[in-house]
Each structure stands twice: as C-alpha cells, then as structure tokens.
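Okay, here's what each chain looks like letter by letter:
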Amino acid sequence: MSLSENTTVDVKNLVNEVLEAYPEKSRKRRAKHLNVLEAEAKDCGVKSNVKSIPGVMTIRGCAYAGSKGVVWGPIKDMIHISHGPVGCGYYSWSGRRNYYIGDTGVDSWGTMHFTSDFQEKDIVFGGDKKLHKVIEEINELFPLVNGISIQSECPIGLIGDDIEAVARAKSAEIGKPVIPVRCEGFRGVSQSLGHHIANDAIRDWVFEKTEPKADFVSTPYDVTIIGDYNIGGDAWSSRILLEEIGLRVIAQWSGDGTMAELENTPKAKVNLIHCYRSMNYIARHMEEKFNIPWMEYNFFGPSQIAESLRKIAALFDDKIKENAERVIARYQPMVDAVIAKYKPRLEGKKVMIYVGGLRPRHVVDAYHDLGMEIIGTGYEFAHNDDYQRTPHYVKEGTLIYDDVTAFELEKFVEAMRPDLVASGIKEKYVFQKMGLPFRQMHSWDYSGPYHGYDGFAIFARDMDLAINNPVWGVMKAPF
Amino acid sequence: MTDKLSQSADKVLDHYTLFRQPEYAAMFEKKKTEFEYGHSDAEVARVSEWTKSEDYKAKNFAREAVVINPTKACQPIGAMFAAQGFEGTLPFVHGSQGCVAYYRTHLTRHFKEPNSAVSSSMTEDAAVFGGLNNMIDGLANAYALYKPKMIAVMTTCMAEVIGDDLQGFIANAKNKDSVPADFPVPYAHTPAFVGSHIVGYDNMIKGILSNFWGNSENFDTPKTEQINLIPGFDGFAVGNNRELKRIAGEFGVKLQILSDVSDNFDTPMDGEYRMYDGGTTIEETKQALHAKATLSMQEYNTTQTLQFCKEKGQETAKFNYPMGVTATDELLLKLADLSGKPVPASLKLERGRLVDAIADSHTHLHGKRFAVYGDPDFCLGMTRFLLELGAEPVHILSTSGSKKWEKQVQKVLDGSPFGKSGAAYGGKDLWHLRSLIFTDKVDYIIGNSYGKYLERDTKVPLIRLTYPIFDRHHHHRYPTWGYQGALNVLVRILDRIFEDIDANTNIVGETDYSFDLIR
C-alpha cells in the first residue's frame, strides 16, 4: 500500500505547526515525542515513558489506575481495597468492563467498590489501624473471599503508613493472602509503573508466599493467558481458540481470573502474553525463576490470529500443530464471509489510533484485514520496547505521537481528517463533534469481544457501523 | 466440536448472546471446575442467602471502617463541575494527574460530552519538593494551548497532604509570567479526605466568587434587583438550568445562574468542536455581587458559599433539590417575594396541569414503597415529591448525609402519613441499602446507574434519577425541576411501574390475564 495516498497533508510540517503553540520550554520537550515514521526504522524515533508536561491535558492516568484498575481489579475472587480517600475507587468502579462469572458480593467482587474512605484524622494519625479494621470487616462480611489486596492511593505513601506490616499481620490472622500494593498515583509517570508495581506485588506476595494447589495435575499442554483483561469477554474468545487447538489454559491474568489461577501459574509450560506492556515483568520473572518461556501473541484480526496460533502451536507437538491448522481452516469461511461483507464498506478508510498498552500496534493488522489504513498511532504510556515493536505493524510516513496532549491530537486529526478515530472516552465526543466517526478502543465502546475469530466479526461490524452510520450525513444544516 | 460456528457474518452475535452459546458454556464450566478452585455451589448458595438475612444486616450495619459502594465521590470532581459552569473556564487540578483523567471520564460517561480539564501532573519529585514548578509551567502551558478566559485551580489529595499553598503558588506563577497579572485564576483547596464532591462544589464556587468579589465582609454592598441562583452539583443540570431560565423568563425576573453548565455540557454536533460553550460570564460573575439575593437549589452544596453571600449583604435562601408541586411552589413564592412580582399565570397553568397529571395517575403510585439514595439534597427533594404522590419513601440513604440531614429527612417524613415507615440513613452506603431492601422490601429503588446491582440482586426495579447515569442516554437533557420537571419525573416513575407490571404479567396462558391494554 502506498502511503502517499494516505494523506495529502505534509505531516512533518504539521507537527512543527502544532508545536508552535507551546511555550518554548514545553515545545522542546513535546517535540521529542512526535515523529513521522521513517523507512526501515528500528523504532518510532520518539521519546517515551517520561513525565507528562503540566497543564497540557495529558490523557494518561496514574499508577493506582494501572494496578487496581488494570492488573488487580479483575481478579474476581479477591477484594481489592482502594486504600485512601473515596474518589479513586469511585471513579474506577465498574469502569473497565472486565467480564467475569460469579455471584457478585458472595464469591466475586469485580463490580464493587471497597474503600477505607480516609478522613482528615486518618491523614493526621495514619490509617493503619483503620486498615486492620477494614480487613477484619471484609473477612467477616465476605467469608468466601480468597484474598485481599490493598491498593494504595496517593496519601498512603506520603503519610508513612506501614501497609506491609498490616498485610502480614492480617494475612496470618485470617489465613488468606493479604497483598499490599504501593501503587500511589504520584509514583512514576503514568499507569505503566502501576502495572509494574502490581506485577512485583504478585511476585513478592503471591509467588513467594503461596504454593500451587497440591492436587493440581500438570499436563504437557498447560499454558496461561497473561495480559488479557477480558474486556467485553476478550479472554474468553481467546481461550476458546487455545482450547480448540488442544492446549489447557490453566490461568487467566487477570480478566475473569482467580487467586488459585495466579498460584498455579508457575506450573505452566509456557506463558502466552497478549498485553506485553502491562505484564511482561511477571513473565520475565517466571522465565528466570521457574524457567517458563513466554511468548507474545496477537489475537486481533484473522491474519495475526492465524500467525499467532501457528507460533504457539510450534512450541508443542505435531498434534497441536495439526489442530492449529484445522482450527484456522475451520474459522476461515466465517472470516472470509466477514471480510466479504465489510471490506467493501471499509476499504481505503483511514484510521488514527491513540490508546494504551498493546493496542496502538496490535490492532493495526485487524484494520488492514478490512482494507483500512493507519495514518497515525501513539501510546499513552509506552516504553521504548513498545516503540521498537511498532514499525513491524505500521508503514513509513505514519504519524507517531507519544503521550499526546488533547491539543495535539485535536490539531492532528483536524488536519489529517481520518475516516475513523480510535481512542478513549475522553476523546470520543471531541471528535464526534467534529463530525468524525469514532470507536472507543479501551472499552470497545461497550461492545466486544474483539479478540479471537468470534471477536473479529464484532470488530468488523463495529467499524462499519461507526463509519457508515447515516448520522454523519445530516451534520450540516441545509440553512 | 461441531463444525457449525455460532458466530457469523450474517448475524454477528454480541457478547450478550455469543457467550451463551453451548461451546462457551462448556468452556466456562471447565474453567470453573478445573482451575478456579472456588467454593462449592452449595456453600455459595448458603452464603448468598445469609447476605439477605437480618443477621447479616446487623453485622453489615456494625461496620465502622470499610465503605462499600458509596454514594459519594471526592471534592475535586465537584469543584471541576462548578468551574465548568463559568464561561471559557479551564479547570486546573493541582496534584497527581490520574485524578483528572478519572473526573473527566466520569463526567463524560454521564453527559456524553467532552470534558476539558488539565492537571499539574505532579510526581514523586514534586511530592518531595512541592509542586510550585508544576504550577508555574502548568499555568503557562494551559494558558498558551487552551486559551481560557479563566483558569480555576483546585487540588488533589496529594497536593493537600504535602501542603501546597495555592494562593502563594499562583502569585508566584503570575510573577513568572505564566499568565498575565490580571488574568483570573481563582482557586479552592479541595482535599479528597474531607466531605465529598458536594463540598468541593461549594469550595470552588466560593473560590470563584471571592476572586471577583473580594474576601472582606461588606454588608452595605449596593444592590440591584437581580437574583442569583446556584444550582449545585446536578446530573440533570442541562435540563434543569434551562428550565430555571425559562421560569425566570416567564416571571420577568432577572435571574443569574452562578455556574451554568447547561451549554458547556450539551454542545451541538455541527462539525465544530467547542472546548468551551456558554456558562456564567466573568462580567456576570462580577455583577452578581450586587444581586439582592442568592438562592441555592441545594443546601448541602453551598454551606460556605451562602454564608459568604450573606457577608456581602445579600439575602439568601436555600432549597433541597426542589422537586414536585409544593417544593416548586416554594421556589416560585420565594422568587415572587424577592422580585415583588406575582407568580405568572403561565406557571400557575403549568402547576394545574402537573396536578392534573398526578391525579390521573395516583392510583398507581398510592402506597408504593420506595428506596431513595443519592446526594443529601436530592434525597430530600425526592422524598418530598414521593410523599406528595401518596407513595411511601421507606429507605432514604446518602453516604454524604450527616446527622443534621437525617433529622431533616425525618422531619419531612413526619410531615406526612405516608412517611411513617420511612427512615434516613446518613453516612451509609449501597451495601447497607442492599441489606435494608432484603430485610424490608420496597417496590422501587430511585437512584443512579450504580443501583442496577441492587436491582439485579433484590429484583426491585430501579428508576435512574440522579448522577451518574451511565447506562441510559440523554435523560439529563430533560429537567426534573419546576412543574415541567416534576412531570418528567412523574412519567419516568410511572413508565417503570407500568413496565414492571407488564413484565410480571406476560406469560401466555398463565399470568397474562392481567396483561392489561388499558391502565
């Protein structure tokens, strides 16, 4: 595909124009985060994982969001305490559509909000005593809880509370894992450090303190799904494919996951990672400590799904390899029908993506499968290794924006006029007001799943309904 | 494995159908039995029943520390909402940046509108050295990029814990030319560990007014005929503020809303993105000092602000989210009293039509039992309206409710024979309400989207009438205040009642004798 057709805009010049608006100091800093992808590039040529500039309307969140909101929150048979003032837990309550099956309030707690609701006296005198009581009350009212995590909000680290001591004492007392997580929102520069801290807490407080279940019987086909949060059921439409090729998914991290699944993970033969950004840490740790290899895969869109199934199968015996081919063939007619139906309606449509985690690169080929083109992409909280993995997916000339500000994204989109913007809820209505079709690519716009073959059909349908809805045609008044 | 796939291009199955297909059901069962190591179905069923019991309720109400599913957010989101009701105003939240992402998301999910606010993005170094540099750079960037007419500064709990001094920081930033010296940068300290979003609202309104009015007491400030009105934090602000302006127009009263988000949170789609739209102008805000009176639609949102207005020599009056006939009567009589103008005939006509509608429908409302939860003022307003309809408010609950509020609710309940089974629960949360509903059943729940979990568990139908409403669209565009607003509320309640009756009488040949065509 030729990129010269992508846009008539001089993208390099556009970047410079947009940067003009900044005061000099900030202009210099922001310039390092914006680039146009060059041919044969090894990475995207942007700086990443550094502090956001004050006052610019970054789209990023915080470490608490990365730990409670992303990594820990979906573990369904635990209760995650938003430890500190009431807001963090309130805003993140049921916000991410991490689907799970369970009796909420009885043996699962995913869509509930537990907080120690700090008051001024807790700030002044410390909150450890209150935390003791919070855990006691939780254990009494929710006797089937299989573990408790303490998700620290900003004040905890500032007032010097010793939540680790509380966790140790209470864990011994109630006979269940109690896991302190130092994910105060001011730590790091984005959600990303929260992911890392949450991974480390699993390492130190799950792997170090618990054992796999005694009656767990391993098979040579045991794998895990790491870094799938089951948004709209993503992990389920992925798991079904892995099971179909003959593998046994012994743990889901963390969508629809359980404490036992975390504990049994060291029994896996291989860890399969979908969201590399948020969970590579624990995979690397398990490789080092338990000698478990890990592999990244991509279940967005049929091209990547087939490639990933083959890569995964290649780690196993011929039976699995044959199964993979059979499964790919089994779904191919459905995939062909989906593409036949939607590609003519989407071909050549241009997309600008701005999200977090793995999606700024992982979803690219799903769009390509539908004949769509990516003209800009960027990450909220990527590190350099993400930008190294990105040129594999996108083409020369693609605009790359790291930790884009609302101002920049608005200007870029305005100038480049894509046919679809794929970003988050904070961006959605900005671009719709501008008359641009939009899909939320964090929550799948309340749709999904988008993973796997079953998810691809939904993805294709959703992109079509966004772009080809008649509402865009009546935007301009005839008077 | 059959070869027939459930998913197809012809009929794309969504998550709510896809995962009910047999292949997924089998997968879930296998995951559960082989890998989850959960509790037995019998044990889960036993505990589930126990959570519905009086015994559980007693333990639940004995809680002193953990808060579960509260009906409150933290101060800064209220402050942000307040600031966004002023023309061209960019909220600047000083502290950790994740908070702002949360507030913007929350408000956007309710209003289905863009929501603009910036953060000073403080990180660990700022935690040690303070956030002065973040303020200096942040104000300069925000001013340059977003061209606001005013920047309203509030704080996250991080900045409050380390004790950043907003007044000093802003002065410092102005000295460094971050913004022009005469550029308005009002501020409010909004610690998340004090009060809730409604206190944050109060703090920010007071902060903005004192920026333009000055802090000192002046009981002799010259006065005009204007009446100010502060709506408070209100999920129905788009509909309600417009309704208030319409009512003022009918009256011929010069009514000045202080913090009017109705246009900012309801911009048109015409190809142009408006980062700011409408709102109380800076000039109007300045002039509002000279109003003869300031009314608050929500007492608990304006405790300090009304005191401040008094100190400027203004008459003040407070309401508690006035809904329904008599609460609207009181509001209109207050406007009549302050303006010296009679209540216009057009509004009297609207009143008559509302009463007529209630009379037409009263049989379906009389004696129906309700649980109501939300902010303190909403609960008071809703309770009054229910009593007026002959319905019985039974459980009235607000996590932000104080002892004083409980007494206030009790007084409202005591004023009607329909209030005798009612009780107020201040400082309690939706997990308490779950116990209350299981042990003392009601017919309907009035609340927000979070109540859908109560509806699922207790099978009591939910009516969404307060912020946040994430899972239903556009209700906030319709007023709940005034006689017209009361009519909307009445219809919403009635619709739910009728739908509920239909849903319970629709089994062919079994219950459908009551599936009445005419009601």
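Residues numbered from 1 in each chain as written. Chains lettered and ligands numbered in written order. Predicted model: local features only at pLDDT ≥ 70, side-chain atom pairs only at ≥ 80, totals over all residues. Heavy atoms only, no water.

As recorded in an unreviewed UniProt entry, chain B goes by the name Nitrogenase molybdenum-iron protein beta chain, listed as coming from Azospirillum picis. The record in UniProt for chain B states the following under Subunit (unreviewed entry): "Tetramer of two alpha and two beta chains. Forms complex with the iron protein (nitrogenase component 2)." Here chain B is described in UniProt, under the heading Sequence similarities (unreviewed entry), as follows: "Belongs to the NifD/NifK/NifE/NifN family." (UniProt positions renumbered as here; feature names shortened; annotations may be inferred.)

Chain A is annotated in an unreviewed UniProt entry as Nitrogenase protein alpha chain of Azospirillum picis. As stated in UniProt under Catalytic activity (unreviewed entry), the record for chain A gives "N2 + 8 reduced [2Fe-2S]-[ferredoxin] + 16 ATP + 16 H2O = H2 + 8 oxidized [2Fe-2S]-[ferredoxin] + 2 NH4(+) + 16 ADP + 16 phosphate + 6 H(+)". Listed in UniProt under the heading Function (unreviewed entry), the comment for chain A reads: "This molybdenum-iron protein is part of the nitrogenase complex that catalyzes the key enzymatic reactions in nitrogen fixation."

A.B. asks: How would you sum up the environment of Pro417 of chain B? Please name residues and give values.
C.D. replies: Position of Pro417 of chain B among the secondary structure elements: in the loop between α18 (403–414) and β11 (423–426). Sequence-wise, Pro417 of chain B and Leu387 of chain B are 30 residues apart; in three dimensions their C-alpha atoms are separated by 8.4 Å. (Helix = DSSP H or I, 4+ residues; strand = E, 2+ residues; numbered from the N terminus.)

A.B. asks: How would you sum up the interface of chain A and chain B? Please name residues and give values.
C.D. replies: Taken together, the 123 residues of chain A in the interface contact 105 residues of chain B. Taking both partners together, chain A and chain B bury about 9,700 Å²; carbon and sulfur atoms supply 63% of that area. By the criterion of area lost to chain B, the three top residues of chain A are Met57, Tyr91 and Lys433 of chain A, representing 10% of everything that side buries. Linking chain A with chain B are eleven salt bridges. Note that Asp256 of chain A and Lys31 of chain B form a salt bridge whose closest N and O atoms lie 3.5 Å from each other. (Contact = heavy atoms within 4.5 Å. Buried area = accessible area lost by both parts, 1.4 Å probe. Salt bridge = Lys/Arg side-chain N within 4 Å of Asp/Glu carboxyl O.)

A.B. asks: Report on the sheet that holds strand β6 (residues 222–228) of chain A, specifying residues and quantitative values.
C.D. replies: Residue and element names in this part refer to chain A. Read across the sheet, four strands follow the order β7-β6-β8-β9 without closing on themselves; strand pairing throughout is parallel. Both edges of this open sheet fall to β7 (248–254) and β9 (294–296), since each of them pairs with a single strand only. Strand-to-strand twist in this sheet, taken as the mean axis angle between neighbours without regard to direction, amounts to 25°. Where β6 lies against strand β8 (residues 270–273), four bridges are found, and the strand directions are parallel. Looking at the pairing, Ile226 lines up with Ile273 of β8. (Pairing = 2+ DSSP bridges. Axes fitted to C-alpha atoms, helices over the stretch in contact; angles between N-to-C directions.)

A.B. asks: Account for the side chain of Thr511 of chain B, with residues named and values stated.
C.D. replies: All names here are of chain B. Looking at where Thr511 falls in the secondary structure, it is placed in the segment after α21 (482–503). There is a polar contact of 3.0 Å between the side chain of Thr511 and the backbone nitrogen of Ile507. Not counting the four nearest positions on each side in its chain, Thr511 is found in contact with Asn504, Thr505 and Asn506. (Polar contact = N/O pair within 3.5 Å; in protein donor to acceptor, adjacent residues only side chain to side chain.)

A.B. asks: Describe helix α12 (residues 276–290) of chain A, listing the residues and the values that go with them.
C.D. replies: Restricting attention to buried positions, one finds in α12 of chain A the residues Tyr276, Arg277, Ser278, Met279, Asn280, Tyr281, Ile282, Ala283, His285 and Met286 of chain A. Of the residues one or two after α12 of chain A, Asn291 of chain A is the one with positive phi, at around 65°. (Buried < 20%, exposed > 50% of the residue type's maximum accessible area, 1.4 Å probe, protein only.)

A.B. asks: Let's hear about the pattern of salt bridges: which residues, and what values?
C.D. replies: A side chain with one charge may pair with a side chain of the opposite charge, provided their charged atoms come close. Residue and element names in this part refer to chain A. Across all of its chains, the model carries 70 salt bridges over all chains by this definition. Where Lys170 meets Glu136, a salt bridge forms, and the shortest distance between an N and an O atom there is 2.5 Å. Placement of Lys170 in helix α8 (residues 163–174) and of Glu136 in helix α6 (residues 128–141) is noted, with a sequence separation of 34 residues between them. Two residues, Arg361 and Asp386, come together in a salt bridge whose shortest N-O distance is 3.0 Å. With Arg361 in helix α15 (residues 359–362) and Asp386 in helix α17 (residues 384–389), this residue pair connects regions lying 25 residues apart in the sequence. According to the relative accessible area criterion, Arg361 is buried, its value standing at 1%. A relative accessible area of 0% places Asp386 in the buried class.

A.B. asks: Tell me about the packing of helix α15 (residues 325–339) of chain B against helix α16 (residues 345–365) of chain B, residues and numbers included.
C.D. replies: Residues and elements named next belong to chain B. Across the interface, α15 lies against α16 with an axial gap of 11 Å and an inter-helix angle of 170°. Classed by the angle they form, the pair α15 and α16 counts as roughly antiparallel. Contact residues: Val325, Asp329 and Leu332 in α15; Leu347, Arg351, Leu354, Val355 and Ile358 in α16. By residue class, the composition of the contact of α15 with α16 is six nonpolar, no polar and two charged. (Parallel < 35°, antiparallel > 145°, perpendicular 65-115°, else oblique. Nonpolar A, V, L, I, M, F, W, Y, C, P; charged D, E, K, R; others polar.)

A.B. asks: Now, about the side chain of Thr111 of chain A: what can you tell me, with residues and values included?
C.D. replies: As for its placement among the helices and strands, Thr111 of chain A is situated in the loop between α4 (87–91) and β3 (114–115). Within the structure, Thr111 of chain A has its side chain in polar contact with the side chain of Tyr100 of chain A (distance 3.0 Å).

A.B. asks: Provide a residue-level description of the sheet that holds strand β13 (residues 420–423) of chain A, including the pertinent values.
C.D. replies: Residues and elements named next belong to chain A. Spatially, β1-β12-β11-β10-β13-β14 is the arrangement adopted by the six strands of the open sheet, whose pairing is mixed. The open sheet is flanked by β1 (34–36) and β14 (438–440), the only strands paired with a single partner. On average, each strand axis in the sheet is inclined to that of its neighbour by 25°, with strand direction left out of account. With three bridges joining them, strand β10 (residues 350–353) and strand β11 (residues 373–377) adopt parallel strand pairing. Bridged to Met352 within β11 is Gly376. Running over the sheet, helix α1 (residues 11–19) touches β1 and β12 (399–401) and is turned about 165° from β1. Contacts from helix α19 (residues 425–433) reach β13 and β14, with the element oriented near 170° to β14.

A.B. asks: How would you explain the UniProt feature "domain: Nitrogenase molybdenum-iron protein beta chain N-terminal" (unreviewed entry) in chain B if you had to name every residue and give the values?
C.D. replies: Residues annotated by UniProt as "domain: Nitrogenase molybdenum-iron protein beta chain N-terminal" (unreviewed entry) correspond here to residues 6–60 of chain B. Regarding residues 6–60 of chain B, the helix share stands at 65% and the strand share at 0%, and the terminal C-alpha atoms are separated by 44 Å.

A.B. asks: Help me get a handle on the nonpolar core, residues and values and all.
C.D. replies: Core analysis: the largest hydrophobic core is formed by 217 residues, its most contacted members being Trp72, Phe142, Trp253, Ile312, Tyr367, Met441 and Tyr453 of chain A. In terms of residue count, helix α14 (residues 318–346) of chain A provides more of this core than any other element does, ten residues in total. By size, the runner-up hydrophobic cluster in this structure holds 58 residues, among which are Val253, Leu380, Ala391 and Val409 of chain B. (Core = buried A, V, L, I, M, F, W, Y, C linked by side-chain atoms within 4.5 Å.)

A.B. asks: Any chance you could break down the packing of aromatic side chains for me, citing the residues and the numbers?
C.D. replies: One pass over the full model with this rule turns up 48 aromatic pairs over all chains. Taking 5.3 Å as the distance between ring centres and 85° as the angle between the ring planes, the aromatic pair formed by Tyr450 of chain A and Phe459 of chain A counts as edge-to-face. Taken together through their ring pairs, the aromatic side chains of Tyr64, Tyr90, Tyr91 and Trp93 of chain A together with Tyr102, Tyr103, Tyr450 and Phe470 of chain B make up a single cluster. One Lys or Arg, Arg330 of chain A, reaches over the ring of Tyr331 of chain A and ends 5.5 Å from the middle of that ring. In this structure, Arg389 of chain A is placed above the aromatic ring of Tyr276 of chain A, and the distance from its NZ or CZ to the ring centre is 3.8 Å. (Phe/Tyr/Trp six-rings, centres within 6.5 Å; stacked < 30°, edge-to-face > 60°. Lys NZ or Arg CZ within 6 Å of the ring centre and 35° of its normal.)

A.B. asks: Can you explain the UniProt feature "domain: Nitrogenase/oxidoreductase component" (unreviewed entry) in chain A? Please cite residues and give values.
C.D. replies: According to UniProt, the feature "domain: Nitrogenase/oxidoreductase component" (unreviewed entry) maps to residues 62–465 of chain A in the numbering used here. Spanning residues 62–465 of chain A, this segment combines 48% helix with 14% strand, and its end C-alpha atoms are found 33 Å apart.

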